[in-house]
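What follows is the residue order along each chain.
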Amino acid sequence: MAIKLIGFPQSPNTLRVVLTLNELGLPFELEPVTDIKTIKTEDFLANKHPFGKVPVLCDDDFVIHESRAICRYLISKYQKDANIVLIPDDLNKASIVEQYISYEISYYDPPLSKILYQEVFNKRNGRPVDEAVVKQGLEEIEKVLDIYEKVLEGKDYLSGEYSFADHLHTVRAQGIYAATAYSDIFEKRPNVKRWITNLRNRDACKKTYA
């Protein structure tokens, strides 16, 4: 039975999982959600996600939801058979990867989410863009990327080699390039630009956004 992923195809959370599947070289079936009512049914709430959210991944009889949890599951189960190491076995190296994953969750994702919610979600749904929120997000991410510029000095990736930490940064960056006029937040910082370019040029990324 093929892996099945239930989700909104253009959702950052769904794309995060698709990117992981592509990095691991795993075939899968994407079941797009076309009607919000389908994920609010009693059956879906009982058997897929109690909050009525997506993505949800079904791997044979195993069901898991929440994008980062899904990605970790896939890495834990399938990395050993793939030609890539997203989370190292070595404790010290894995701990450094976890450190940078925490950077992404705590510092990088929140301001970019603010910007993208306004520039993508609101515009798509005919709602006004709150420029004050965008401005706040830009101010916050500028400070964050100033630190990333230092962290990435002399490195192509956060921990030196490509890992799940870098991987998690890809989707928000791709959103900024594809849907906003704010890509200069990456482009004007040489180390950050090199890193983001590396991420966007990966085959899995190109396949995900093809």
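These numbers were taken from a predicted model, which means no experiment stands behind them.

Peer 1: Can you break down the overall build of the chain residue by residue, with the values?
Peer 2: Counting its regular elements, the chain contains nine helices and four strands. For the chain, the α and β elements follow one another from N to C terminus as β-α-β-α-β-β-α-α-α-α-α-α-α. For the chain, the spread of C-alpha atoms along the three principal axes comes to 50 × 50 × 30 Å. The 210 residues of the chain split such that 46% are buried. Considering only contacts within the chain whose residues lie at least 6 apart along the sequence, 65% involve residues at least 24 apart. Total accessible area computed for the chain in this model is approximately 11000 Å², and 52% of it derives from carbon and sulfur atoms. Charge separation in the chain, taken as the distance between the mean sites of 28 positive and 31 negative side-chain charges, equals 3 Å.

Peer 1: Describe in detail helix α6 (residues 164-179), supporting the description with residues and values.
Peer 2: End to end, α6 covers 24 Å across 16 residues, agreeing with the expected 22 Å (1.5 Å per residue, within 8%). At T170, α6 shows its largest bend, some 30 degrees. Among the 16 residues in α6, 14 count as buried, and that is most of the element.

Peer 1: Help me get a handle on the packing of α6 against helix α8 (residues 190-200), residues and values and all.
Peer 2: The relative placement of two packed helices comes down to the angle between their axes together with the axis-to-axis distance. α8 packs onto α6 with a crossing angle of 95 degrees between their chain directions and a minimal axis gap of 9 Å. Classified by the angle their axes make, α6 and α8 are roughly perpendicular. For the pair α6 and α8, contact is made by D166, H169, T170, A173, Q174 and Y177 and by W195, I196, L199 and R200, respectively. The class makeup of the residues in the contact of α6 with α8 is five nonpolar, three polar and two charged.

Peer 1: Can you lay out the packing of helix α1 (residues 12-23) against helix α3 (residues 67-78) for me, pointing to particular residues and giving the numbers?
Peer 2: Running from amino to carboxyl end, α1 crosses α3 at an angle of 10 degrees, the nearest separation of the two axes being 9 Å. As the angle between them shows, α1 and α3 are arranged roughly parallel. Two secondary-structure elements touch here, α1 through N13, R16, V17, T20 and L21 and α3 through S67, R68, I70, C71, L74 and I75. Here the residues of the contact of α1 with α3 sort into six nonpolar, three polar and two charged.

Peer 1: So what's going on with the sheet that holds strand β2 (residues 28-32)? Residues and values would help.
Peer 2: Here we have four strands laid out as an open sheet, ordered β2-β1-β3-β4, and mixed in their pairing. The sheet is open, and its two edges are formed by β2 and β4 (62-65), each paired on a single side. Sheet twist, expressed as the average angle between the axes of neighbouring strands with direction ignored, equals 20 degrees. Direction of pairing for strand β1 (residues 3-7) relative to β2: parallel, over a ladder of five bridges. Considered in β2, the bridge of I6 is made with E31. Here α1 sits on the sheet in contact with β1, β2 and β3 (56-59), set at roughly 160 degrees to β1.

Peer 1: Could you give an account of the layout of surface pockets, with specific residues and numbers?
Peer 2: Within this model, the largest pocket holds a volume of roughly 970 Å³. Forming the walls of the largest pocket are 31 residues, and the residues nearest its centre are Q10, S11, P12, V120 and R124. Looking at side-chain class alone, the lining of the largest pocket contains 18 nonpolar, nine polar and four charged residues.

Peer 1: Just give me the short version of the pattern of salt bridges, but keep the residues and values in it.
Peer 2: This structure, assessed with the given rule, holds 14 salt bridges. Of the charged contacts, one joins R68 and E104 as a salt bridge, the two residues approaching to 2.9 Å between their closest N and O atoms. You can see R68 sitting in helix α3 and its partner E104 sitting in helix α4 (residues 91-124), a full 36 residues away along the chain. According to the relative accessible area criterion, E104 is buried, its value standing at 0%. Put simply, K188 and E142 hold a salt bridge, and the shortest N to O gap is 3.0 Å. Pair noted here: K188 is in the loop between α7 (184-187) and α8 and E142 is in helix α5 (residues 131-151), with a separation of 46 residues, a long-range link. Given a relative accessible area of 46%, K188 falls into the partly exposed group.

Peer 1: Give a detailed account of the environment of L74, specifying residues and quantitative values.
Peer 2: Along the chain, L74 falls in helix α3. As a C-alpha pair, L74 and V17 span 57 residues in sequence and 8.9 Å in three-dimensional space. Ignoring sequence-local partners within four residues, the contact set of L74 consists of I3, V17, T20, L21, L24, L26, L57 and Q79.

Here is what the cut-offs are and how they apply
- Residues numbered from 1 in each chain as written.
- Predicted model: local features only at pLDDT ≥ 70, side-chain atom pairs only at ≥ 80, totals over all residues.
- Heavy atoms only, no water.
- Helix = DSSP H or I, 4+ residues; strand = E, 2+ residues; numbered from the N terminus.
- Buried < 20%, exposed > 50% of the residue type's maximum accessible area, 1.4 Å probe, protein only.
- Contact = heavy atoms within 4.5 Å.
- Areas by Shrake-Rupley, 256 points an atom, 1.4 Å probe, with all protein chains shown as cover.
- Lys, Arg positive; Asp, Glu negative; His and termini not counted.
- Charge placed at Lys NZ, Arg CZ, Asp CG, Glu CD.
- Expected span 1.5 Å × (residues − 1).
- Bend = angle between axes of the 7 residues up to and from the residue.
- Axes fitted to C-alpha atoms, helices over the stretch in contact; angles between N-to-C directions.
- Parallel < 35°, antiparallel > 145°, perpendicular 65-115°, else oblique.
- Nonpolar A, V, L, I, M, F, W, Y, C, P; charged D, E, K, R; others polar.
- Pairing = 2+ DSSP bridges.
- 1 Å grid on protein atoms, 1.4 Å probe; cavity = no way out; pocket = protein on both sides within 12 Å on 5 of 7 lines; lining within 4 Å.
- Points joined across faces, edges and corners; volume = space filled by probe spheres on them.
- Salt bridge = Lys/Arg side-chain N within 4 Å of Asp/Glu carboxyl O.

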